[in-house]
Amino acid sequence: MTSSPPSAAPNQRVADVIVVGAGNAALCAAIAAREAGASVLVLEKAEEGERGGNTFYAGGGFRFPYDGLDDIRTIIPDLSDEEVDRIEVGSYPASKFKDDLVRVTEGRADETLVDHLIAEAYPTVQWMSRVAGQRWVLMYGRQAYEVDGKLRFWGGMITEAVGGGEGLSESLFAQLPRHDIEVRYGTGARSLLQDESGRITGVRVKDASGFHDLHAGAVVVAAGGFEANAEMRTRYLGAGWEVAKVRGTRHNTGDMINAALAVGAQSYGHWSGAHAVAWDMMAPPTGNRRIGDLYQKHSYPLGLIVNVHGARFVDEGADLRNYTYAKYGREILKQPHAVAFQLFDQQTVGRLRDEYRIKEATRAEANSIPELADALGIDVGGLVRTVEAYNAAVRPGKYDPSVLDGLGTEGIDPPKSNWALPFDQPPYVGYAVTCGITFTFGGLKIEAKTGQVQDIEDRPMPGLYAAGELVGGLFWHNYPGGTGLTAGSVFGRTAGTAAGKAALAARAAVR
Ligand SMILES: Cc1cc2nc3c(=O)[nH]c(=O)nc-3n(C[C@H](O)[C@H](O)[C@H](O)COP(=O)(O)OP(=O)(O)OC[C@H]3O[C@@H](n4cnc5c(N)ncnc54)[C@H](O)[C@@H]3O)c2cc1C
C-alpha cells in the first residue's frame, strides 16, 4: 500500500474520477461518470494497438430480459417486416433470467447482484444505444435454428453488438472524445493510494517513464480478473490450470484485485471457479486479435465428446449450449493431456457454428470410426466401443435442436440427455480441443446499487468502486452465456454514476 496523507487538494487531482482499465465495464463507467458531471481519466495497461481487453475478443452476445418482438424492435429499429416474418424470438422474462442464473450457479449467486443486474439489463442496453451509439443485431448464425421453415431463437441470448466484441469496443472508444474523456495507454495501475481516513485518493501507476501517483476524487477499478496470471490461476483454480489457454487479453493479471485487497477490500465469490470452454488445441497461449473468439468450439450438443482413450466424459446434451459450455472447459482440462475431441456425422455437420469453418481449426475427416480415431490420435478400440455402446443406447423420438427435445440415451454413463441421434452417417468429422479460460469468478465485494467496494468489515470503502470481471459473487461453478458483457455494462454504468456523484460531492465539500 502507498499512503498519501492527507487527501490531495482538488486542484492536484488529474480528474474527478480515475477509471482503471479500458474494456466494456470501464468505458461504460467512464461515460456514466461523465454523464454525472465528473471529469474522467481512463488508465489502460495495454498499448493502444492492444486495447479493449477481453471485450475486444468477445462474441458480443448480450443477455437481457425481453417481453417479445416489440422490445427487440426498440433496440433494432431497422428490422424489416420480411425479416420479422421469418423469425421467432419468443420472450425471455426477468423471472426466467433469474431462474437461469440461480440454477446454473447452483443457488449461490448473490441475490442483490442478480436483482440489480436483471432490473438494469434492458435499460442499460438502451442507454448504450443512446450514449454510445451502440447498434445491435439478432444472432442469426449462433443462436437460431431453422425449424418448420422459421428461424427460431433460443436460450435467452439472442442479440449481439454489431461487429461483435470488436465492434462494441470500437464504438465505445469512438464515443470518448465526444465526452471529453482521455485514455492513457501503456499505463498500468500498480496500487491504490489511501489517506489516513481510509479514503481511496488515487492510484500509483507505472508507464514508460516510471512510477507516478495520480490523484482523483474517486477510483473505479474495472481491470478484469486474474485469468491471464498463471501463478494466480494455479493458486486459486488448482493444479493443472497453468496449461489452460487464455482466450482473450494477456493483460488481465489480477492487478486491481490484489491492489484492492491490499488496502482492505473484501474478497468475495467463487475464487476456485472460472468460465472456461472448449478451445482449439493448437490455439496460441493468449488471444489472437484476428481470430477473436473463433477458436471456441460450441456446437458439441450436436455430436459426441471423447478423450484420447475414446471415452465420453460429459453429457453433451445436458442443457442448451448456453448453460453448459462455460463449465465444460474445466472437464476437458481434467482429461489426459488436457485434450478432447468433438465428433460429428453428416446428420449434424451442416448445423455447426461459423467457428468450425476457420482454416486454423484442428480437424480431421474420415469414412469410418477407426480411421477417424487414427487421424485424431484417439485409441481406436476405445472409440469403436464407445460409438457402438452409444448407438445402442439411442432411443427414437423427434429431433429439434432449438429446444430440449428429450431425445436421450438409455443405459450408458454419462447419458446424452437431448439431441441423441445415432452416430452412423459418414464421413465423420472431428475437432481437437483443449481448455480455454475466459475469465475468473472470484474478486471484490461490491454494494450492488452503487458499485462501491466493501471492506473486510462489510463497510463501503470511500472513493473506491468496481465493475466487470473483478467483481465477485455473481458467478459460481457456471455461467449463462451472454451475461459477462451485460454485467460489465450494468455494473460499469452503476459504478461510474456513483463514483462521479461522490467525487463531485467531495469536491464541493472542500470548496
Ligand atoms: C473469446 C471471448 C469471447 C467472449 N464472448 C462473450 C460474449 O459473447 N458475451 C458475453 O457476455 N461475454 C463474452 N465474453 C466475456 C466478456 O468479454 C468479458 O467478461 C467482458 O468483456 C469483461 O469486461 P471487463 O471490462 O470486465 O474486462 P476487459 O474487457 O478484459 O477489460 C479489462 C481491461 O483492464 C486492463 N487492465 C488490466 N490490468 C490493468 C492495470 N493494472 N492497469 C490498467 N489497466 C489494466 C486490461 O488491459 C483490459 O483492457 C467473452 C470473452 C472472451 C475472451
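Residues numbered from 1 in each chain as written. Predicted model: local features only at pLDDT ≥ 70, side-chain atom pairs only at ≥ 80, totals over all residues.

Draft legend 1. Focus on the overall build of the chain. Helices and strands together make up the secondary structure of the chain, namely 14 helices and 23 strands. For 511 residues, the compact-globule estimate of 2.2 N^0.38 gives 24 Å, and the chain sits close to it at 24 Å. In the chain, which comprises 511 residues, the proportion classed as buried is 53%. A separation threshold of at least 6 residues defines the contact pool for the chain, and within that pool the share at least 24 residues apart is 76%. (Helix = DSSP H or I, 4+ residues; strand = E, 2+ residues; numbered from the N terminus. Rg over C-alpha atoms; globule rule 2.2 N^0.38 Å. Buried ≥ 20, exposed ≤ 12 C-beta atoms within 10 Å, placed from the backbone. Contact = placed C-beta atoms within 7 Å.)

Draft legend 2. Region of interest: the environment of L101. Locating L101 in the fold gives a position in helix 5 (residues 94-104). L101 gets classed as buried once you count the C-beta atoms within 10 Å, which come to 23. Residue contacts for L101: discarding those within four places in its chain leaves A109, V114 and P480.

Draft legend 3. Examining helix 5 more closely. Of all the residues in helix 5, the buried ones are F97, D100, L101 and V104. Along helix 5, the residues classed as buried sweep out an arc of 95 degrees about the axis, all on the same side. Summarising the contacts, the buried residues of helix 5 are in contact with helix 6 (111-132). A positive backbone phi angle near 55 degrees is found at E106, which sits one or two residues after helix 5. (Arc of directions from axis to C-beta.)

Draft legend 4. Just the site of the ligand, in detail. Lining the immediate environment of the ligand, one finds 42 residues, of which G21, G23, G53, G248 and G468 sit closest. Contributing elements (two or more residues each) for the shell around the ligand: helix 1 (24-35), helix 2 (53-57), strand 11 (188-194), helix 10 (255-262), strand 20 (428-440) and helix 14 (483-509). (Near = placed C-beta within 6 Å.)

Draft legend 5. Inspection of the pairing of strand 13 (residues 210-221) at higher detail. Of the strand pairs in this sheet, strand 2 (residues 15-20) and strand 13 are connected by five bridges, and their pairing is parallel. Note that in strand 13 the partner of A15 across the bridge is A216. Pairing geometry for strand 12 (residues 200-207) and strand 13, over six bridges, is antiparallel. From the neighbouring strand, V205 faces strand 13, where its bridge partner is H212. What sits between strand 12 and strand 13 in their antiparallel hairpin is a turn of two residues. (Pairing = 2+ DSSP bridges.)

Draft legend 6. Layout of the domain arrangement of the chain. In terms of domains, the chain is made up of domain 1 (2-273 + 443-509) and domain 2 (274-436). Inter-centroid distance (C-alpha atoms) of domain 1 to domain 2 is 32 Å. In this complex, domain 1 contributes 36 residues to the contact, which on the side of domain 2 involves 29 residues. Put simply, the parts of the chain that give the side of domain 1 that touches domain 2 at least two residues each are helix 2, helix 5, helix 7 (140-143), strand 7 (144-147), helix 8 (164-175) and strand 14 (245-246). Among the elements that take part in the side of domain 1 that touches domain 2, helix 8 stands out by supplying three residues, more than any other. Here the side of domain 1 that touches domain 2 is built from residues that sort into 15 nonpolar, 13 polar and eight charged. (Domains from an automatic or database assignment. Nonpolar A, V, L, I, M, F, W, Y, C, P; charged D, E, K, R; others polar.)

Draft legend 7. Looking closely at the sheet that holds strand 5 (residues 87-88). Strand order in the open sheet made by the three strands is 5-8-7, with mixed pairing throughout. Lying at the two open borders of the sheet, with one neighbouring strand each, are strand 5 and strand 7. Bridge analysis of strand 7 against strand 8 (residues 150-153) gives four bridges, and the strand direction is antiparallel. Within the sheet, the bridge partner assigned to E146 lies in strand 8 and is L151.

Draft legend 8. Region of interest: the pairing of strand 11. Of all the seven residues making up strand 11, five are buried; the element is thus mostly covered by neighbouring parts of the structure. Between strand 11 and strand 12, which pair antiparallel one after the other, the connecting turn spans five residues, and G198 there sits at a positive phi close to 100 degrees.

Draft legend 9. Focus on the nonpolar core. Counting residues in hydrophobic clusters, the biggest one holds 150 residues, and the most contacted among them are V17, V20, A29, V220 and A466. At 10 residues, helix 14 tops the list of elements feeding residues into this core. Filtering out sequence-adjacent residues up to four positions away, V20 remains in contact with L43, A189, V203, V219, V220, V221, A222, A223 and M256. (Core = buried A, V, L, I, M, F, W, Y, C linked by C-beta atoms within 7 Å.)

Draft legend 10. Structural view of the sheet that holds strand 4 (residues 61-62). Sheet architecture is open: three strands sit in the order 4-9-6, paired in antiparallel fashion. The open sheet terminates on both sides in strands that have one partner only, identified here as strand 4 and strand 6 (136-138). Both strand 6 and strand 9 (residues 159-161) contribute to a ladder of three bridges, which runs antiparallel. Across the sheet, the residue bridging to L138 is T159, located in strand 9.

Draft legend 11. Spatial organisation of helix 6. The sharpest bend along helix 6 reaches about 45 degrees and sits at A121, with the proline P123 one to four residues further on. Three or more residues of helix 6 are buried, namely L113, H116, L117, I118, E120, A121, Y122, T124, V125, M128 and A132. At its buried positions, helix 6 is contacted by helix 1, strand 4, helix 3 (69-75), helix 5, helix 8 and helix 14. Backbone geometry just downstream of helix 6 places G133 in the positive-phi region, at approximately 60 degrees. (Bend = angle between axes of the 7 residues up to and from the residue.)

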